[in-house]
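Breakdown of the fold
Residues per chain, in single letters:
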Amino acid sequence: MTLVGTLGFCAGLLTSGAAVPQVYKTYKTRHARDISMWQLVMLSLGMLLWLIYGSMIGDLPLILANTFSIACYASLIAMKLRYDREDRGS
């Protein structure tokens with residue numbers, strides 16, 4: 001693998017991995033009230049565009065990083081919707 005490819009994979013690992021602690025904490029606490037839905041949606045749409053761009057140019061680090069990130073943020077959106085609804089119902 002080239003230096004550029006290695007750099008891309010490392011960047012993708014760090015930026016995608018940054019979502020994992022929030023997903024874990026939200027899942028464990030069952031609370032998402034302090035998480036902004038707009039931020040989650042805007043970030044997910046931006047990552048979707050990066051995924052499309054990465055697919056169009058055939059850039060594997062972009063494709064893998066954004067696929068993983070979209071999955072993490074989609075789970076956060078789902079938890080936000082569910083836990084916020086549960087908080088209101090209590």
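Refer to the preceding data block for the structure.
Reading guide: rules and limits
Residues numbered from 1 in each chain as written. Predicted model: local features only at pLDDT ≥ 70, side-chain atom pairs only at ≥ 80, totals over all residues. Heavy atoms only, no water. Core = buried A, V, L, I, M, F, W, Y, C linked by side-chain atoms within 4.5 Å. Buried < 20%, exposed > 50% of the residue type's maximum accessible area, 1.4 Å probe, protein only. Helix = DSSP H or I, 4+ residues; strand = E, 2+ residues; numbered from the N terminus. Contact = heavy atoms within 4.5 Å. Axes fitted to C-alpha atoms, helices over the stretch in contact; angles between N-to-C directions. Parallel < 35°, antiparallel > 145°, perpendicular 65-115°, else oblique. Nonpolar A, V, L, I, M, F, W, Y, C, P; charged D, E, K, R; others polar. Phe/Tyr/Trp six-rings, centres within 6.5 Å; stacked < 30°, edge-to-face > 60°. Lys NZ or Arg CZ within 6 Å of the ring centre and 35° of its normal. Salt bridge = Lys/Arg side-chain N within 4 Å of Asp/Glu carboxyl O.

Let's talk about the nonpolar core
Judged by nonpolar contacts, Ala19, Val23, Ala32, Ile35, Leu40, Met47, Cys72, Tyr73, Leu76, Ile77, Met79 and Tyr83 together constitute the single largest core of 12 residues. The set of elements that each furnish at least two residues to this core consists of helix H3 (37-57) and helix H4 (60-89). The dominant element in this core, judged by the number of residues it contributes, is H4, at six residues. Not counting the four nearest positions on each side in its chain, Ala32 is found in contact with Thr26, Met79, Lys80, Tyr83 and Asp84.

Some details on the packing of helix H1 (residues 3-17) against H4
At a minimum axis separation of 9 Å, H1 and H4 run at an interaxial angle of 10°. The pairing of H1 with H4 is recorded here as roughly parallel in orientation. Contact residues: H1 offers Gly5, Gly8, Phe9, Gly12 and Ser16, while H4 offers Leu60, Pro61, Leu64, Ala65, Phe68 and Ser69. Grouping the amino acids of the contact of H1 with H4 by side-chain chemistry returns six nonpolar, five polar and no charged.

Points about the packing of aromatic side chains
For the structure on display, the rule yields one aromatic pair. Both rings, one in Trp50 and one in Tyr53, keep their centres 5.7 Å apart while their planes meet at 80°; by these two values the pair is edge-to-face. Of this pair, Trp50 and Tyr53 both sit in helix H3, separated by three residues, roughly a single helical turn. In this arrangement the basic side chain of Arg30 is found over the ring face of Tyr27, its NZ or CZ atom lying 4.4 Å from the centre.

Overview of the pattern of salt bridges
As a working rule, side chains carrying opposite charge can pair if their charged atoms are close by. Counted according to the given criterion, the structure contains two salt bridges. Note that Asp84 and Lys80 form a salt bridge whose closest N and O atoms lie 2.7 Å from each other. Separated by four residues within a single helix, Asp84 and Lys80 lie in helix H4, roughly one turn from each other. With respect to burial, Asp84 and Lys80 carry one shared label: buried. Note that Arg82 and Glu86 form a salt bridge whose closest N and O atoms lie 3.0 Å from each other. You can see Arg82 and its partner Glu86 sitting in helix H4, four residues apart, about one turn around the helix. On the basis of relative accessible area, Glu86 is assigned to the partly exposed category, the value being 37%.

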